[in-house]
Amino acid sequence: MPTDYSLYALREANPLNQPGFDESIEHYNALRIRIAADPVTAPRRLSHLAGRPRLIALSAAAAAALSLAGVLIAVTLSAAPASAYAAAKKAIAASSAGALDSGTMTLTSRGPIGRGITSMVNTIRWNGDDIAIASGTEGRVLPGFDQLLLVGGGVYLQRTDGSWLHYARQPDLKTPLYDPAGRSARSLAAGSRAAEIIASAYGLQKTVQPDGSTVYSGTIPPSDPAEVAPSDDTATQMLPVIGPGGAFQMTVGSDGLVRQMSETTFDGTAGWSIEYSQLGSTPPITPPSTFTEGTPGDLPTPPQEEVVPTTPAPQSGSSDVPTETGP
Amino acid sequence: VRGSGEEADVTDAVSERRRRFDALFRENVAGIVAYCRWRAPSPADEEDAVAEVFLIAWRRLDAVPPGERARAWLYATARRVLSHQARANVRRSRLNQKLGAQPVAAQAGDDPLPGRVQDALAALSLRDREVLLLAEWHGLTPAEIATVMRCPAVTVRGRLHRARLRFRAAFESQTSQRDAGAPVAVPARLGRCEP
């Protein structure tokens, strides 16, 4: 045997050159996105701005977020997805406000939503702890206003004429009308509603598309409507409740982030969808340059909310309803 | 309320930081994964270590040296992370023993090394193995290895020379044993035999 054969064999055994090595590290790309989306340390190098109160507050919030991200990374990486459920939940967590510092969601609803409205489009943007909610079609989400900004703990409401009202704190609004919208938006941005749906969906299927994206599809349980209703009623402010037997679908991009999710009733007459965009790159939400201090008298009286109808369930035993159970 | 100029400064700095981290990650993730893979006792530990290395790099991006020197910095960080992890595993193992629990076995069967090479590497000390693999697999220069292992470059050169000789001897010895049909103990992952 040649004396240098050992080193030749050693170099040949280099795992970096083994077939499949590149594929085995592909999932680390999600780690890169998650770490780089963390807002925590980004402002650190801006030492000349570090003394500003705004950035001090951001730094404190970011420290908590980094801790959360660290835990998320450890949990996510140490438990590789064993099923479509785990992979779907992972994508939701990676795309949520807990993991990404900013994002935009466009909500589209069709069907009986309430107060005679049958379709609606509105957007939610978040950046750090700040959030912007558009009132959407016919101003259903924020009756009497076009937009709501929750910035730095304060509230800014944009009237339909374009002018802005400012309230120092959310409780100053003295009305339950706008608080549910804020809570609902935060719930959606945090991915709570999506996680609930995933957890309750039956027979979740995972299909990888030619473009590298992955489609998850499942069915809303036929038996117990309570299982598919949100754990609190905040999400119903923006999304109609889809009855049992409905279909759920979620598309995750090749980068591991959610691109779109939707729910449709079993008969296809109603549904909602959320398109995700500018994840990690949504611009900061800034308060308006001019505004007037609002008073409780500036707010309209909340109209009586109609009960949002739930679409009828298919008959038990329908062939459309799978019998497979979730995890 | 921030002015638009300050916002632009913040946005530019964040974008620049992310670009630099992205480049650092893309250029080095394969090497760091491979390094952690042969040193960590299990795939879960490997993934934890890689995540920790790049989280530290993101947190301390200003401390990461520019250019080629970043690679040695990352390997040095990975080495420290794996050392902390090994100590934690030892503590956990002792706790498990106290509690009467069985330690979780490392997952075997995913090691890509051909048996003879693996056997020969397992016969080396961890220090010899590390200096040898950093040079032969990861392509680090003696000066870079010195940075990783925190010792003079001249020491690395001497150690690398001796490690090559010992590996060759072990490799040929393993080959002879295999030819003679003698059983050889094969660790699933190289790092497991020495914490």
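Keep in mind that what you see is a predicted model, and the values were worked out from it rather than measured.

Q: Just checking my understanding: could you explain the overall build of chain A for this structure?
A: Scanning chain A from N- to C-terminus turns up 8 helices and 12 strands. By residue count, 49% of the 327 residues in chain A fall in the buried class. A separation of at least 24 residues holds for 58% of the contacts in chain A among residues at least 6 apart in sequence. Approximately 14500 Å² of chain A is accessible, and the part contributed by carbon and sulfur atoms is 54%.

Q: Hey, could you run me through the side chain of A:Glu263 in this one?
A: Residues and elements named next belong to chain A. Along the chain, Glu263 falls in strand β10 (residues 258-264). For Glu263, a relative accessible area of 1% corresponds to the buried category. Engagement of the side chain of Glu263 in a polar contact is seen with the side chain of Trp272, the distance being 2.8 Å.

Q: Which parts of the structure should I look at to understand unusual backbone geometry?
A: Excluding glycine, residues mostly have negative phi values, and the peptide bonds linking residues are mostly trans. Even without being glycine, A:Gln278 reaches a positive phi, approximately 45°. Owing to a relative accessible area of 41%, A:Gln278 belongs among the partly exposed residues under this scheme. For B:Arg150, which is not glycine, the phi dihedral falls at a positive 55°. As for its placement among the helices and strands, B:Arg150 is situated in the loop between α6 (142-149) and α7 (153-179). When its relative accessible area of 65% is taken as the criterion, B:Arg150 is described as exposed.

Q: How do you make sense of the pattern of salt bridges when you look at a structure like this?
A: For side chains bearing opposite charge, pairing can occur when the charged atoms are close. All told, the structure shown has 8 salt bridges over all chains when counted by the stated rule. Note that A:Arg11 is salt-bridged to B:Glu136, the shortest N-O span being 2.5 Å. Of this pair, A:Arg11 sits in helix α1 (residues 5-12) while B:Glu136 sits in helix α5 (residues 126-136), on two different chains. The class for B:Glu136 is buried, based on a relative accessible area of 11%. One salt bridge in this structure joins B:Glu130 and B:Arg79, with 2.9 Å as the shortest N-O distance. Taken together, the residues B:Glu130 in helix α5 and B:Arg79 in helix α3 (residues 69-99) connect sequence positions 51 residues apart.

Q: What exactly am I supposed to notice about helix α5 (residues 84-95) of chain A here?
A: Because an α-helix packs 3.6 residues into every turn, residues spaced three or four apart end up facing the same way. Here α5(A) spans 16 Å end to end across 12 residues, near enough to the 16 Å set by a 1.5 Å rise per residue. If you check which residues of α5(A) are buried, you get A:Ala84, A:Tyr85, A:Ala87, A:Ala88, A:Ala91, A:Ile92, A:Ala94 and A:Ser95.

Q: Where do I start with the packing of aromatic side chains in this structure?
A: To describe a pair of aromatic rings, you give the distance between the ring centres and the angle between the ring planes. Within this structure, the stated rule accounts for 10 aromatic pairs over all chains. Ring plane angle 85° and centroid distance 6.5 Å describe the contact between B:Phe21 and B:Phe54, whose orientation is recorded as edge-to-face. Placement of the pair is B:Phe21 in helix α1 (residues 4-39) and B:Phe54 in helix α2 (residues 43-59), with a sequence separation of 33 residues. When sorted by exposure, B:Phe21 lands in the same class as B:Phe54, which is buried. Among the aromatic residues, those joined into a ring-pair cluster are A:Tyr5, A:Tyr8, B:Phe167 and B:Phe171. A cation sits over an aromatic face here: B:Arg17 above B:Trp58, 4.8 Å from the ring centre.

Q: Looking at this structure, how should I read the environment of B:Phe25?
A: Here B:Phe25 lies in helix α1. Taking C-alpha positions, B:Phe25 is 9.9 Å from B:Leu74, a pair spaced 49 residues apart along the chain.

Q: Sorry, what's going on with the nonpolar core here?
A: Soluble globular proteins: nonpolar side chains tend toward being buried together. Within the largest apolar cluster, 62 residues are counted, with the highest numbers of intra-cluster contacts made by A:Leu10, B:Phe21, B:Ile32, B:Phe54, B:Leu121, B:Leu132 and B:Phe167. Here the element with the most residues in this core is α1(B); it accounts for 10 residues. If we skip the residues at most four places from it in the chain, B:Ile32 touches B:Val50, B:Val53, B:Phe54, B:Leu74, B:Tyr75 and B:Ala78. A:Ala87, A:Met105, A:Leu165 and A:Ala185 belong to the second largest nonpolar core, which has 42 residues in total.

Q: In this structure, what is going on with the pairing of strand β11 (residues 271-277) of chain A? I would like to understand it.
A: Within a regular beta strand, the side chains point alternately toward one face of the sheet and then the other, so they alternate between its two faces. Residues and elements named next belong to chain A. Most of β11 is tucked away: 5 of the 7 residues are buried. Summarising the sheet, β10 and β11 pair through 5 bridges and their orientation is antiparallel. Counted as the bridge partner of Thr264 is Gly271 from β11. The loop that links β10 with its antiparallel partner β11 comprises 6 residues; one of these, Gly268, has a positive phi angle of about 75°.

Q: Got a minute to help me understand the pairing of strand β9 (residues 247-252) of chain A in this structure?
A: All names here are of chain A. Sheet topology note: the strand β8 (residues 214-219)/β9 ladder contains 6 bridges and is antiparallel. Residue pairing for β9: Thr219 is matched across the bridge by Ala247. In terms of strand pairing, β9 meets β10 through 6 bridges, oriented antiparallel. Within β10, the position partnered with Ala247 by the bridge is Thr264.

Q: Which parts of the structure should I look at to understand the packing of helix α3 (residues 28-36) of chain A against α2(B)?
A: Helix-helix packing is characterised by the crossing angle of the two axes and by the distance between the axes. Interhelical geometry of α3(A) versus α2(B) gives an angle of 30° and a closest axis separation of 10 Å. For the element pair α3(A) and α2(B), the recorded crossing hand is right-handed. Of the residues in α2(B), those in contact with A:Tyr28, A:Leu31, A:Ile35 and A:Ala36 of α3(A) are B:Glu46, B:Glu47, B:Val50, B:Ala51, B:Phe54, B:Leu55 and B:Trp58. Of the residues assigned to the contact of α3(A) with α2(B), the class counts are 9 nonpolar, no polar and 2 charged.

Q: Got a minute to help me understand the packing of α5(B) against α6(B) in this structure?
A: Residue and element names in this part refer to chain B. Here α5 crosses α6 at 135°, and the two axes come no closer than 10 Å. Our classification of the angle between α5 and α6 gives oblique. Seen from above, α5 lies across α6 with right-handed handedness. Every residue of α6 that contacts α5 at Arg127, Glu130, Val131, Leu134 and Ala135 is listed here: Ile145, Val148 and Met149. Grouping the constituent residues of the contact of α5 with α6 by class yields 6 nonpolar, no polar and 2 charged.

The rules behind these values
- Residues numbered from 1 in each chain as written.
- Chains lettered and ligands numbered in written order.
- Predicted model: local features only at pLDDT ≥ 70, side-chain atom pairs only at ≥ 80, totals over all residues.
- Heavy atoms only, no water.
- Helix = DSSP H or I, 4+ residues; strand = E, 2+ residues; numbered from the N terminus.
- Buried < 20%, exposed > 50% of the residue type's maximum accessible area, 1.4 Å probe, protein only.
- Contact = heavy atoms within 4.5 Å.
- Areas by Shrake-Rupley, 256 points an atom, 1.4 Å probe, with all protein chains shown as cover.
- Polar contact = N/O pair within 3.5 Å; in protein donor to acceptor, adjacent residues only side chain to side chain.
- Salt bridge = Lys/Arg side-chain N within 4 Å of Asp/Glu carboxyl O.
- Expected span 1.5 Å × (residues − 1).
- Phe/Tyr/Trp six-rings, centres within 6.5 Å; stacked < 30°, edge-to-face > 60°.
- Lys NZ or Arg CZ within 6 Å of the ring centre and 35° of its normal.
- Core = buried A, V, L, I, M, F, W, Y, C linked by side-chain atoms within 4.5 Å.
- Pairing = 2+ DSSP bridges.
- Axes fitted to C-alpha atoms, helices over the stretch in contact; angles between N-to-C directions.
- Left-handed = near helix turned anticlockwise from the far one by under 90°.
- Nonpolar A, V, L, I, M, F, W, Y, C, P; charged D, E, K, R; others polar.
- Parallel < 35°, antiparallel > 145°, perpendicular 65-115°, else oblique.

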